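Results of the structural survey
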Amino acid sequence: MIETWTRRMAIGLLAATALTAPAFAAEKITAVVIDGYPAKALWVKEFSEFFIPEVDKRLAETGNYEMDWQESYGGAIVKPKGVLEGVKLGLGDIGIVTTIFHNSKLPSQALSAVTPFVSSDSQAVAKAVDEIAKEFPTMQKEFEAQNQVYLATGVVLDTYQPFSSKEITGLKDLEGMKVAGAGMNLRYLEGIKDAAGVRGGLTDFYNMVQTGLTDAALLWPEAAKTFKIAEVAPYMLKADLGAVNSKTITVNKDYWDGLPDEVKSVLQEVAVEYRDHVAGIAMDRAGESRDAYVASGGTIVEMSAEDRMAWAEAMPNIALEWAKGLDDAGEPGTEMLNAYMGKLKDAGFEPVRDWAAELSN
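Numbering of residues starts from 1 in each chain and follows the order in which that chain's sequence is written. Local features are withheld for residues below a pLDDT of 70 in this predicted model, meaning they are given only at 70 or higher, and side-chain atom pairs are given and counted only at 80 or more; totals for whole chains, interfaces and linings count all residues. The side-chain numbers reported here are obtained from all heavy atoms of the structure, hydrogens and water having been left aside.

Structural notes on the packing of helix α4 (residues 122-135) against helix α12 (residues 333-346)
Axis definition: a line fit to C-alpha positions, over the contact stretch in the case of helices; interaxial angles, taken between N-to-C directions, run 0 to 180 degrees. Secondary structure elements are taken from DSSP: a helix is a run of H or I of four residues or more, a strand is a run of E of two residues or more, and numbering for both begins at the N terminus. Close contact between α4 and α12 brings their axes to 10 Å; oriented N to C, the two are set at 145°. Handedness of the crossing formed by α4 with α12: right-handed. Across the interface between the two elements, A124, V125, A128, V129, E131, I132 and E135 of α4 pack against M336, A339, Y340, K343 and L344 of α12. Each helix crossing is assigned a hand: it is left-handed if the near helix lies turned anticlockwise from the far helix by less than a right angle, otherwise right-handed if that turn is clockwise. Contacts were defined at the residue level, with two residues in contact if any of their heavy atoms lie within 4.5 Å.

A word on the pattern of salt bridges
A pair is scored as a salt bridge if a Lys or Arg side-chain nitrogen falls within 4 Å of a carboxyl oxygen belonging to Asp or Glu. A complete count under the given rule lists 23 salt bridges for this structure. E331 is the partner of K141 in a salt bridge, and the nearest nitrogen-oxygen pair spans 2.8 Å. One end of the pair, K141, is in helix α5 (residues 138-144); the other, E331, is in the loop between α11 (318-328) and α12, and 190 residues separate them in sequence. Residue burial is assigned from relative accessible area. The probe radius is 1.4 Å, only protein chains are included, and a residue is buried under 20% of its type maximum, exposed over 50%, and partly exposed in between. Accessibility expressed as a relative area gives 39% for K141, which makes it partly exposed.

Quick notes on helix α9 (residues 261-295)
To estimate the expected span of a helix, subtract one from its residue number and multiply by 1.5 Å. For α9, which comprises 35 residues, the first-to-last C-alpha distance of 49 Å matches the rise-based estimate of 51 Å (1.5 Å per residue) to within 8%. One or two positions beyond α9, positive phi appears at G297, with a value near 105°.

Observations regarding the pairing of strand β4 (residues 148-154)
Successive side chains on a regular strand alternate, one facing one side of the sheet and the next facing the other. Among the 7 residues in β4, 7 count as buried, and that is most of the element. Relative to strand β10 (residues 247-252), β4 runs antiparallel, the two sharing 6 bridges. In the sheet register, Y150 faces β10, and the bridge partner there is T250. DSSP calls a pair of strands paired once it identifies at least 2 bridges connecting them.

Brief notes about the sheet that holds strand β6 (residues 178-181)
Here 6 strands make up an open sheet; going across it, the order is β7-β6-β8-β5-β9-β11 and the pairing mixed. Here the strands that pair on one side only, and so sit at the sheet edges, are β7 (196-199) and β11 (299-302). Strand-to-strand twist across the sheet, computed as the mean angle between neighbouring axes with direction ignored, equals 30°. Pairing analysis gives 2 bridges linking strand β5 (residues 161-164) to strand β9 (residues 235-238), with the strands arranged antiparallel. Residue pairing in the sheet places S164 in a bridge with Y235 of β9.

A word on the side chain of R353
Tracing the backbone through its elements, the reader meets R353 in the segment after α12. Here a polar contact means two N or O atoms within 3.5 Å. Within protein one must be a hydrogen donor candidate and the other an acceptor candidate, and residues neighboring in sequence count only if both atoms are side-chain atoms. Within the structure, R353 has its side chain in polar contact with the backbone oxygen of A312 (distance 2.7 Å). Beyond its immediate stretch of four places on either side in the chain, R353 contacts F117, A312, E313, M315, P316, N317, M341 and E358.

As for the sheet that holds strand β3 (residues 94-98)
Taken in spatial order, the 5 strands of this open sheet run β2-β1-β3-β10-β4, and their pairing is mixed. Edge positions in the sheet fall to β2 (65-72) and β4, since each has one partner strand and no second. When the angles between neighbouring strand axes are averaged without regard to direction, this sheet yields 25°. Sitting on the sheet, α9 touches β1 (27-34), β2, β3, β4 and β10, and the angle it makes with β4 is about 25°.

Points about a nonpolar patch on the surface
Judged by side-chain polarity, I77, L89 and L91 come together as a nonpolar surface patch covering roughly 280 Å² of accessible area. Relative to the helices and strands, I77 is located in the loop between β2 and α3 (83-89). Think of a patch as exposed residues, more than 30% relative accessible area, with no salt bridge, where like charges cluster within 9 Å and nonpolar side chains (Val, Leu, Ile, Met, Phe, Trp, Tyr) cluster within 5 Å. To be clear on the numbers: accessible area is Shrake-Rupley with a 1.4 Å probe, and residue cover counts the displayed protein chains and nothing else.

Side note on the nonpolar core
To qualify as a nonpolar core, a set must consist of buried Ala, Val, Leu, Ile, Met, Phe, Trp, Tyr and Cys residues joined through side-chain atoms within 4.5 Å. In this structure, W43, F47, F51, W69, L219, L267 and W311 are the most contacted members of the largest nonpolar core, which totals 121 residues. Broken down by element, this core gets its largest block of residues, 11 residues, from α9.

Things to note about the environment of P80
Considering the arrangement of structural elements, one finds P80 in the loop between β2 and α3. A relative accessible area of 15% means that P80 is categorised as buried. It is 26 Å that separates the C-alpha atoms of P80 and K264, two residues lying 184 residues apart in sequence. Each residue touching P80, except ones within four places of it in the same chain, is listed here: G36, Y37 and F101.

Structure (structure tokens):
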């Protein structure tokens, strides 16, 4: 009897232990995410609210791994222009790189920037650029040279527009203006008489216009709303210069090499979904942001089709220069440009100026 009772007690204890013991613990992986822009910036906000939860949800399905996210934005680790270098050096494991600041190191990322007046559809442009990045090795090689692994390219703006402290109704009003911009979009001004581009970042534009350093700035309505641009630049010329890819999610190469394959796959999958998610929000918010700009005291004037054509025709063919520059470096620049323009035409977009068609002339 004593032996039977003892055996039953042992079985009971084992059963109780099985019920109360914790499940097999997932391996915890730390991920430091960096961007120099503040948490309120659209792409940063959605990284926190979409990308991170989606990765967590997918990893929870197997329970093998759990991410310990450590987010650092707004200049705590790097300034907006310092994300590329920060990820390269391992100051961050994952970064949202603003590629327009790095035309010399990431020349192929300027593909949509060198082809203005083609499409103002963020989703179409994001998809086309990301497909080019995966069909041609050039973009990924550029990030590899910066000790980084490319995940996906994002488009966070529906289209660049000029915002001015002075009334603007057409192309002629831009003559003689000093216009703030970043990267390749400064070259859009080269065909406009006496107009001058002044380099700056999105977080600088308000002060640049307010202090009179510039008369205007090239940015997009959602950013104009977020950064209260109507207070200093109450005139927007709806020129629809086009959507531009300007953000790329990258991972430090040394960190990436140490990640389990399951985590790598989830990061790659979610990066593409984040790409489409953010581009979709940019499109959804475009109209709302324009309304908010007007409600804040802004005035919007639509540029005529004739002025848009005149602006496009006045510009140097920066797409041709871009393609030849890559060709000369041994990269397939001409092929990439042709493929990109072809993708957007196939998607139903008719360019004001067909930049690729001039390659054969």
